[in-house]
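Structure assessment
This is what each chain is made of:
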Amino acid sequence: MIFSLMLNYRKTLCSSLFFLLLVSFFFSELISSSHIAVLPVFEWMETTWFGVAGKTWGALFAVVQAGHLVGLGVLGGSVIASDGRLLGLFKGLPMRLVVDRCHSVFAWSLALLVATGIFMACGVAIKIYYMPVYWYKMLALTLGVLFVFFIRKPILDRDLDQVNPWLLRLLAISSIMIWFTVAATGRWIGFS
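Keep in mind that what you see is a predicted model, and the values were worked out from it rather than measured. (Residues numbered from 1 in each chain as written. Predicted model: local features only at pLDDT ≥ 70, side-chain atom pairs only at ≥ 80, totals over all residues. Heavy atoms only, no water.)

Attention shifts here to the environment of K55. Residue position: K55 is located in helix α5 (residues 49-56). On the accessibility criterion, K55 (48% relative accessible area) is partly exposed. Between the C-alpha atoms of K55 and M120, which are 65 residues apart in sequence, the distance is 9.3 Å. Each residue touching K55, except ones within four places of it in the same chain, is listed here: E46 and G123. (Helix = DSSP H or I, 4+ residues; strand = E, 2+ residues; numbered from the N terminus. Buried < 20%, exposed > 50% of the residue type's maximum accessible area, 1.4 Å probe, protein only. Contact = heavy atoms within 4.5 Å.)

All right, on to the pattern of salt bridges then. All chains considered together, the criterion is met by 4 salt bridges. Residue D83 is joined to R152 by a salt bridge in which the shortest nitrogen-to-oxygen separation is 2.6 Å. Of this pair, D83 sits in helix α6 (residues 58-86) while R152 sits in helix α9 (residues 132-156), and the two are 69 residues apart along the sequence. Considered together, D83 and R152 belong to a single accessibility category, that of buried residues. (Salt bridge = Lys/Arg side-chain N within 4 Å of Asp/Glu carboxyl O.)

This next bit is on the packing of aromatic side chains. Taken as a whole, this structure holds 10 aromatic pairs when the rule is applied. Summarising the aromatic geometry, the rings of F42 and Y129 are spaced 5.3 Å apart at their centres and angled 55° between planes, so their arrangement reads as tilted. Of this pair, F42 sits in helix α4 (residues 39-47) while Y129 sits in helix α8 (residues 125-129), placing them 87 residues apart in sequence. Assigned by exposure class, F42 and Y129 land together as buried. Ring centres of F106 and F149 lie 6.4 Å apart, and the angle between their planes is 55°; this geometry places the pair in the tilted category. Placement of F106 in helix α7 (residues 95-123) and of F149 in helix α9 is noted, with a sequence separation of 43 residues between them. By relative accessible area, F106 is classed as buried at 4%. (Phe/Tyr/Trp six-rings, centres within 6.5 Å; stacked < 30°, edge-to-face > 60°.)

This is how it looks when you write it as structure tokens:
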């Protein structure tokens, strides 16, 4: 029985193992040496066109930041709608339709968030390099992307009537918690 579960959920197990390795690396002594090694990358980021433009033209930075916030709102809305449906809300709508449409919106908003986030990070690269919360956000974002594309999506691509309802609820609660953490750490960066 355990072997059949391992075969059915091998992507999930591999992603979970990768995440555990990532977390153990993040909280080990190895992070210090690799943290120092990426400082030149952050110094370079500030000298790129994005970095110079982000520091020089405040209006451009504000417009990009507004796009980032819109993307965050759309991503959050797609997470709430999709996971809400998995939790049993919006029963008048077909679960497959809500999950598939929300995933498409999620993917586009994630692309927008990454693009605008890179621009904003280039403008303040050295500042965020020294912020522990930035590294926590990157860890949460990595976990979120791995969770969505390697755990959540493969499970939800199956016939949803065949998936255990408790597993669907667990996926929804996990997803909401992960993306709330990403948003909260991002907001924390804004306050720092």
